[in-house]
Amino acid sequence: MKVKKKILFIAPASIPCFGAESIVNVKLLSVLVEAGYEIDLVSKKSKWQFYPTTNFGLDNKLKSINIIEVNNKLNIDTILSHIMCYLKFGIVYKGSHWAYQALTFINNNLNLKVYDAVITKNYPSELIGYWLKKNKGIKWIATWNDPFPKDCYPVPYGSGFKKQPWYKRNILELMRDGPDYNVMPSERLAKYIDSYIHFRKETIKVIPHVAILSLNKELKSDKLRLLVSGTNNFPRNPKKLIDAYVRVANKFKFDSELVFLGVIDSDIEEYISDVDKSQNIKVFPPVTYEESLKVLDDYHVAVIIEADCAEGIFLPTKVVDFMQCEKPVLSISPKEGVLHDLYSKGNIGYFADCTDEDAIYNELIKIFSDFENLKLVKSSIAHEFLPDAVLKKYIEMIE
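The notes below deal with the structure included here. This is a predicted model, so every value here is computed, not measured. (Residues numbered from 1 in each chain as written. Predicted model: local features only at pLDDT ≥ 70, side-chain atom pairs only at ≥ 80, totals over all residues. Heavy atoms only, no water.)

## Quick notes on the overall build of the chain
When you go through the chain residue by residue, the secondary structure sums to 13 helices and 13 strands. Its C-alpha atoms give the chain a radius of gyration of 22 Å, near enough to 21 Å, the size a compact globule of 399 residues would have. C-alpha atoms of the chain, sized along the principal axes, occupy 70 × 50 × 35 Å. Residue burial in the chain is summarised as follows: out of 399 residues, 54% are buried. Look at the contacts in the chain between residues 6 or more apart in sequence, and 72% of them connect residues 24 or more apart. A total accessible area of about 18,200 Å² is found for the chain, and carbon and sulfur atoms account for 51% of it. Both charge centroids of the chain, one from 52 positive and one from 50 negative side chains, sit 6 Å from each other. (Helix = DSSP H or I, 4+ residues; strand = E, 2+ residues; numbered from the N terminus. Rg over C-alpha atoms; globule rule 2.2 N^0.38 Å. Buried < 20%, exposed > 50% of the residue type's maximum accessible area, 1.4 Å probe, protein only. Contact = heavy atoms within 4.5 Å. Areas by Shrake-Rupley, 256 points an atom, 1.4 Å probe, with all protein chains shown as cover. Lys, Arg positive; Asp, Glu negative; His and termini not counted. Charge placed at Lys NZ, Arg CZ, Asp CG, Glu CD.)

Take a look at the structure:
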């Protein structure tokens, strides 16, 4: 009988599952658990309350779920925790005290001799992975779903790469020299981070977010329904979509509606009230991940809005959710980027430059016409997103 491989999975955003990063991590956990891996999870109790939480049915499937809570308010305890973090790791930044508290828990409560690998997801888990690799010799699979350090996000999300202050200057060396593998969800993100980290090439693994296939319910409705879900606040700008939609909606004889489900800025809600005299644009609060997939069933087209970047380096969690159920997708994104790549390959059916209202208008005209003619273009999932393909790459790293 084959002995189960044991993994220490450190993901501050995972369970409770409440947003994009946690959804990505929990879906991967599901795939690894189903493959027979024995997993201890170390997560963080989130204070971010925009989204309802869920445990994704993993409560009884993981060997243990350990949720570490820290106080983020400025007081003597958090100051001391940050000092201890610097003494432990030689690095400190805002919020890194969670890593110190989590590692203290791990050392006191988990048997570090049994693990075949430690997988780290989103900051500050990289500090724990670094310590366990250096001091315990555990294979370290680091994941960078977004640019890191956080202040290296590209404009307009951040200010691009910049020299790190003295108290976290060696974090780039930690990223470059520490992990056995560095996992990133897109080639473009990998190239962006590698441009300032200079990874060892053999450690770079591009593995997209896993898609768990589900059936797309065929809608029988005379009203075209478009859904913009998730987080769509600044620096994303929904105004161009709103204006283009208002221009298009009255050109067709059938009814339509544009719905925002999730987080948007209050000034956008006010803007909708000002420009949408027909009241066809609606805004609803966030729901759990499972509920959002059920809501998606009742819409013909899923819309993604990205911020205006020189290059779209991100693979949004939402696009994987949409592709996994073959939902027609309109991506309003940078004209050079990951989502345009998917559009060019035929994985998503509609695309418009996020800076160009006329381009969005023209793509909406195409969607309205396709709906009228019963020819909406479904999305399709590429093989590398499927559970078997993602699992194969993790097996190669873990084994």
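## Some details on the environment of Leu127
Along the chain, Leu127 falls in helix 4 (residues 125-136). When the C-alpha positions of Leu127 and Gly178 are compared, they lie 10.0 Å apart, and in sequence the two are 51 residues distant. Setting aside residues up to four positions removed in sequence, Leu127 forms contacts with Cys85, Phe89, Ile91, Tyr93, Ser96, Ala99 and Leu174.

## So, the state of the cysteines
A covalent bond bridging the sulfur atoms of two cysteines is what the word disulfide describes. Tallied over the entire structure, the rule returns zero disulfides. With no disulfide partner, Cys85 has as its closest neighbouring cysteine sulfur the one in Cys152, 18 Å distant. Classification of Cys85 by relative accessible area gives buried; the value is 0%. The cysteine Cys354 is free of any disulfide, with Cys309 supplying the nearest cysteine sulfur at 7.4 Å. (Disulfide = S-S within 2.5 Å.)

## With respect to the packing of helix 7 (residues 239-249) against helix 8 (residues 266-275)
Describing two packed helices takes the angle between their axes plus the distance from one axis to the other. Packing of helix 7 against helix 8 leaves a shortest axis separation of 11 Å and a crossing angle of 15°. The angle between helix 7 and helix 8 places the two elements in the roughly parallel class. Seen along the crossing, helix 7 lies across helix 8 with a hand that is right-handed. When helix 7 is examined against helix 8, the residues Lys239, Ile242, Asp243 and Val246 are found in contact with a partner set consisting of Ile268, Tyr271, Ile272 and Val275. For the contact of helix 7 with helix 8, the class distribution of residues is six nonpolar, no polar and two charged. (Axes fitted to C-alpha atoms, helices over the stretch in contact; angles between N-to-C directions. Parallel < 35°, antiparallel > 145°, perpendicular 65-115°, else oblique. Left-handed = near helix turned anticlockwise from the far one by under 90°. Nonpolar A, V, L, I, M, F, W, Y, C, P; charged D, E, K, R; others polar.)

## A look at helix 3 (residues 97-109)
Taking 1.5 Å of rise per residue, the 13 residues of helix 3 would be expected to cover 18 Å, and the 18 Å separating its terminal C-alpha atoms lies within 8% of that figure. Of the positions making up helix 3, those classed as buried are His97, Trp98, Ala99, Tyr100, Ala102, Leu103 and Ile106. Contacts from the buried residues of helix 3 go to strand 1 (6-10), strand 2 (38-44), strand 3 (64-68), helix 2 (76-89) and helix 4. (Expected span 1.5 Å × (residues − 1).)

## What about the sheet that holds strand 11 (residues 301-305)?
Strands sit in the order 10-9-8-11-12-13 across an open sheet of six strands; the sheet is parallel. Two strands in the sheet have a free side with no partner beyond their single neighbour: strand 10 (281-284) and strand 13 (350-353). Neighbour to neighbour, the strand axes of the sheet diverge by 20° on average, direction disregarded. Taken together, the three bridges between strand 8 (residues 224-231) and strand 11 define a ladder with parallel strand orientation. Along strand 11, the bridge assignment pairs Val228 with Val303. Relative to the sheet, helix 12 (residues 357-372) contacts strand 8, strand 9 (256-263), strand 11, strand 12 (329-333) and strand 13, its axis offset from that of strand 13 by approximately 165°. (Pairing = 2+ DSSP bridges.)

## Looking at the sheet that holds strand 1
As summarised here, the arrangement of the seven strands in space is 3-2-1-4-5-6-7, forming an open sheet in which the pairing is parallel. At either margin of the open sheet sits one strand with a lone partner, and together these are strand 3 and strand 7 (204-206). Between one strand axis and the next, the sheet turns by 20° as a mean value, whatever way the strands run. Here strand 1 pairs with strand 4 (residues 117-121) via four bridges, running parallel.

## As for the nonpolar core
Counting residues in hydrophobic clusters, the biggest one holds 45 residues, and the most contacted among them are Leu8, Ile10, Val42, Ile128, Leu132 and Ile193. Of all elements in the fold, only strand 1, helix 2, helix 3, helix 4, strand 5 (140-143), helix 5 (171-177) and helix 6 (187-197) reach the threshold of two or more residues within this core. The contact partners of Leu8, leaving out residues within four places of it in the chain, are Asp40, Val42, Ile106, Leu110, Leu112, Tyr115, Ala117, Val118, Ile119 and Leu132. Residues Ala244, Phe254, Ile268 and Ile281 belong to the second largest nonpolar core, which totals 31 residues. (Core = buried A, V, L, I, M, F, W, Y, C linked by side-chain atoms within 4.5 Å.)

## Some thoughts on the pattern of salt bridges
Two side chains bearing opposite charge may form a pair once their charged atoms approach each other closely. For the coordinates displayed, the defined rule picks out 18 salt bridges. When the shortest N-O distance is used, the salt bridge between Lys5 and Glu399 registers 3.9 Å. On the criterion of sequence distance, the pair formed by Lys5 in the segment before strand 1 and Glu399 in the segment after helix 13 (387-398) is long-range, its members being 394 residues apart. The exposure class of Lys5 is partly exposed, given its relative accessible area of 23%. Linking Arg200 and Glu202 is a salt bridge whose minimum nitrogen-to-oxygen distance equals 3.8 Å. Using a relative accessible area of 33% as the deciding quantity, one classes Arg200 as partly exposed. Among the charged side chains, a salt-bridge network with shared partners connects Arg188, Glu311, Glu336 and Asp341. (Salt bridge = Lys/Arg side-chain N within 4 Å of Asp/Glu carboxyl O.)

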